[in-house]
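Chain by chain, the residues run as shown.
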Amino acid sequence: MVPSPQAAPAFVRLAAHPLRWRLLTELAGSDYRVRELVSLVGEPQNLVSYHLRLLRDGGLVTAQRSSFDARDSYYHLDLERCAHALAATGAALHPALRLGPGPASPSGPAPVHPASPSGPGPASLFASGPASPSGSGSARRTAVLFACTGNSARSPIAEALLRHRAGGRVEVTSAGSDPRQRLHPDAVRVLRERYGIDLAGQRPRHLDTMAGRRFDYVISLCDRVREVCPDFGDHSRRVHWSIPDPAAPGGAGPPAFARTAAEIDTRIHYLLPQLTPQEDQP
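Let me sum up the structure you'll find in this document. (Residues numbered from 1 in each chain as written. Predicted model: local features only at pLDDT ≥ 70, side-chain atom pairs only at ≥ 80, totals over all residues. Heavy atoms only, no water.)

Taken in spatial order, the four strands make up an open sheet running S5-S4-S6-S7, and their pairing is parallel. Among the strands making up the open sheet, the edge pair consists of strand S5 (170–176) and strand S7 (237–240). Going across the sheet, the axis of each strand differs from the next one's by a mean of 20 degrees, ignoring polarity. Across the sheet, helix H7 (residues 154–166) touches strand S4 (142–148) and S5, and the angle it forms with S5 is around 175 degrees. Contacts from helix H10 (residues 254–275) reach S4, S5, strand S6 (217–220) and S7 within the one sheet, and its direction differs from that of S6 by about 165 degrees. (Pairing = 2+ DSSP bridges. Helix = DSSP H or I, 4+ residues; strand = E, 2+ residues; numbered from the N terminus. Axes fitted to C-alpha atoms, helices over the stretch in contact; angles between N-to-C directions. Contact = heavy atoms within 4.5 Å.)

Written as structure tokens, this is what we have:
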């Protein structure tokens with residue numbers, strides 16, 4: 001008796017389509033609006049929107065209304081869900097191909113997916129670009145700038161968490177286009193209580209103070225600052241993370257800051273392998 005064929009895992013069925021795979025790889029590097037994805041993949045908007053809807057229905061992609069223009073939405077690839085889907089796909093093919101998804105922890109050190117004998121772990125499969133901008137063996141640390149409007153919550157949280165996770169292997173700072181007078185107390189509190197990081201003495205900085213500095217990555221964390229962030233030269237890779245402001249009027253207070261920090265920490269977990277040479281990975 002011939003066994004009935006087993007259906008391919010959902011991730012394979014979604015990712016195997018050439019256009020959907022292209023959308024996944026573009027979104028692995030940055031959040032984008034539909035019109036930007038249309039330009040990147042060179043396909044009509046109605047076709048791109050159709051395949052984005054399939055990726056959203058499959059749980060791999062999410063959409064967030066732009067805080068700069070509510071008529072726009074930013075699409076985001078859920079790398080954590082992709083890691084779990086890849087792990088399940090490997091196990092479905094053969095038990096020896098099982099990969100540990102190891103979700104990032106919002107309260108402890110972010111685990112790094114080890115490379116297996118059969119290939120890279122889930123965290124590295126979506127890494128785009130070289131691990132070190134100066135090539136393997138370069139002594140210069142990768143420089144990262146996080147930007148948001150007020151430099152009082154999202155970008156200082158990202159700065160602190162990347163510095164904490166990188167252990168001195170990355171040069172990181174943050175700034176804002178319209179900096180507040182001080183860091184938001186809930187941002188300071190969540191970093192201290194959940195991650196053991198003290199930012200009590202830090203003050204917001206203006207993006208103008210970063211002029212003349214070289215950054216390998218410039219990562220905007222709010223939709224407004226993305227529109228006004230200065231150009232730091234062709235050597236800088238621009239990345240956008242569309243993250244709602246936890247301090248927005250009508251927000252949820254401290255729980256919103258905890259969720260924001262957890263989301264940023266997860267994104268940093270998947271960014272870190274791109275920032276440090278492979279030989280430096282734990």
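With 13 residues, helix H4 (residues 45–57) extends 18 Å between its outermost C-alpha atoms, agreeing within 8% with the 18 Å of an ideal straight helix rising 1.5 Å per residue. Along H4, the residues that are buried comprise Val48, His51, Leu52 and Leu55. The buried residues of H4 occupy one face: seen down the axis, they fall within an arc of 105 degrees. Of the residues in H4, the exposed ones pointing more than 90 degrees away from the buried face are Asn46 and Asp57. Where H4 is buried, its residues touch helix H1 (10–15), helix H2 (18–27), helix H3 (34–41), strand S2 (61–65) and strand S3 (73–77). (Expected span 1.5 Å × (residues − 1). Buried < 20%, exposed > 50% of the residue type's maximum accessible area, 1.4 Å probe, protein only. Arc of directions from axis to C-beta.)

What follows concerns the nonpolar core. Generally speaking, soluble globular proteins have nonpolar side chains that are buried together. Val144, Phe146, Leu162, Leu191, Ile219, Trp241 and Ile264 are the most contacted members of the largest nonpolar core, which has 33 residues in total. Listed by contribution, the elements that provide at least two residues to this core are S4, H7, S5, helix H8 (185–195), S6 and H10. In terms of residue count, H10 provides more of this core than any other element does, eight residues in total. Not counting chain neighbours up to four residues away, the residues in contact with Val144 comprise Leu162, Val170, Glu171, Val172, Thr173, Phe215, Tyr217, Ile219 and Leu275. Counting 26 residues, the second-largest nonpolar core is a separate cluster that includes Phe11, Val41, Leu55 and Leu86. (Core = buried A, V, L, I, M, F, W, Y, C linked by side-chain atoms within 4.5 Å.)

This part covers the packing of aromatic side chains. Tallied over the entire structure, the rule returns two aromatic pairs. With 5.8 Å between their ring centres and 50 degrees between their planes, Phe146 and Trp241 make a pair best called tilted. One end of the pair, Phe146, is in strand S4; the other, Trp241, is in the loop between S7 and H10, with 95 residues separating them in the sequence. The buried category is assigned to Trp241, whose relative accessible area is 6%. For the ring pair Phe215 and Phe232, a centre distance of 5.3 Å and an interplane angle of 90 degrees mean the geometry is edge-to-face. With Phe215 in the loop between H8 and S6 and Phe232 in the loop between helix H9 (223–228) and S7, this residue pair connects regions lying 17 residues apart in the sequence. (Phe/Tyr/Trp six-rings, centres within 6.5 Å; stacked < 30°, edge-to-face > 60°.)

What the three strands build is an open sheet, ordered S1-S3-S2; its pairing is antiparallel. Because the sheet does not close on itself, it has two edges, and the strands there are strand S1 (32–33) and S2. As paired strands, S2 and S3 are joined by five bridges and run antiparallel to one another. In the strand pairing of S3, Ala63 is matched with Tyr75. The strands touched by H2 within the sheet are S1, S2 and S3, with S3 carrying the most contacts at an inclination of about 95 degrees.

Attention now moves to the side chain of Ser152. Assignment of secondary structure puts Ser152 in the loop between S4 and H7. Aside from chain neighbours lying at most four places away, what touches Ser152 is Arg180, Arg182, Leu183, His184 and Ala187.

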